[in-house]
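Overview (structure and organization)
Okay, here's what each chain looks like letter by letter:
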Amino acid sequence: ALVPAVIAQMAAMFLATVAACLAGLAVAALVYLVGHPRGSLELATSLMLAGLDEMSDWKTFLTAKVLLSGFLGGSVAALFGMVPATSEDDVATAVHRTLLWSVLCVIGCQCGLIIAEFARS
């Protein structure tokens, strides 16, 4: 019963990452084009993606961040969801603990992988 929760969290993390990357690229290109009327969308996009050539293993770190964060968040949610509840307060406590510890785990995971990523370059 815990495996679907972890898989769902990993899938949600993947979809959120894709949406965030696309939205960030679109907004950044829009801001660039507003400030540079003669620029083109192709130029704006290539300028934003130009730095990725210098980091050859960025896809590996991005994949690790998404999978590990999703696994940790899903595991914490599944573990706190297993605790039997006898009242509404127990449910509220479990929800609050799940949110707190899953966010802290994801932040710790992200920080560790960011340090590892940039310590290599």
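Keep in mind it's a predicted model, so treat the numbers as computed, not measured. (Residues numbered from 1 in each chain as written. Predicted model: local features only at pLDDT ≥ 70, side-chain atom pairs only at ≥ 80, totals over all residues. Heavy atoms only, no water.)

1. Focus: the overall build of the chain
Within the chain, the regular secondary structure consists of four helices and zero strands. Starting at the N terminus and walking to the C terminus, you meet the elements of the chain as α-α-α-α. Computed over its C-alpha atoms, the radius of gyration of the chain comes to 19 Å, more than 25% above the 14 Å expected for a compact globule of 121 residues. By its C-alpha atoms, the chain is 65 × 35 × 20 Å across when sized along the principal axes. For the chain, with 121 residues in total, the buried portion stands at 19%. Sequence separation of at least 24 residues holds for 68% of the intrachain contacts in the chain that already meet a minimum separation of 6. For the chain, the exposed surface amounts to about 8,400 Å²; the carbon and sulfur share of it is 73%. Across the chain, 5 positive and 8 negative side-chain charges occur, with their mean positions spaced 8 Å apart. (Helix = DSSP H or I, 4+ residues; strand = E, 2+ residues; numbered from the N terminus. Rg over C-alpha atoms; globule rule 2.2 N^0.38 Å. Buried < 20%, exposed > 50% of the residue type's maximum accessible area, 1.4 Å probe, protein only. Contact = heavy atoms within 4.5 Å. Areas by Shrake-Rupley, 256 points an atom, 1.4 Å probe, with all protein chains shown as cover. Lys, Arg positive; Asp, Glu negative; His and termini not counted. Charge placed at Lys NZ, Arg CZ, Asp CG, Glu CD.)

2. Some words on the confidence of the model for the chain
Mean pLDDT over the chain works out to 88, with 98% of the residues at or above the 70 mark. By mean pLDDT, the top-scoring element of the chain is helix H4 (residues 88-119) (91), and the lowest-scoring one is helix H2 (residues 41-49) (86). (pLDDT = per-residue confidence, 0-100.)

3. Describing the side chain of Thr98
Within the secondary structure, Thr98 is located in helix H4. When its relative accessible area of 15% is taken as the criterion, Thr98 is described as buried. A polar side-chain atom of Thr98 sits 2.7 Å from the main-chain carbonyl oxygen of Ala94. (Polar contact = N/O pair within 3.5 Å; in protein donor to acceptor, adjacent residues only side chain to side chain.)

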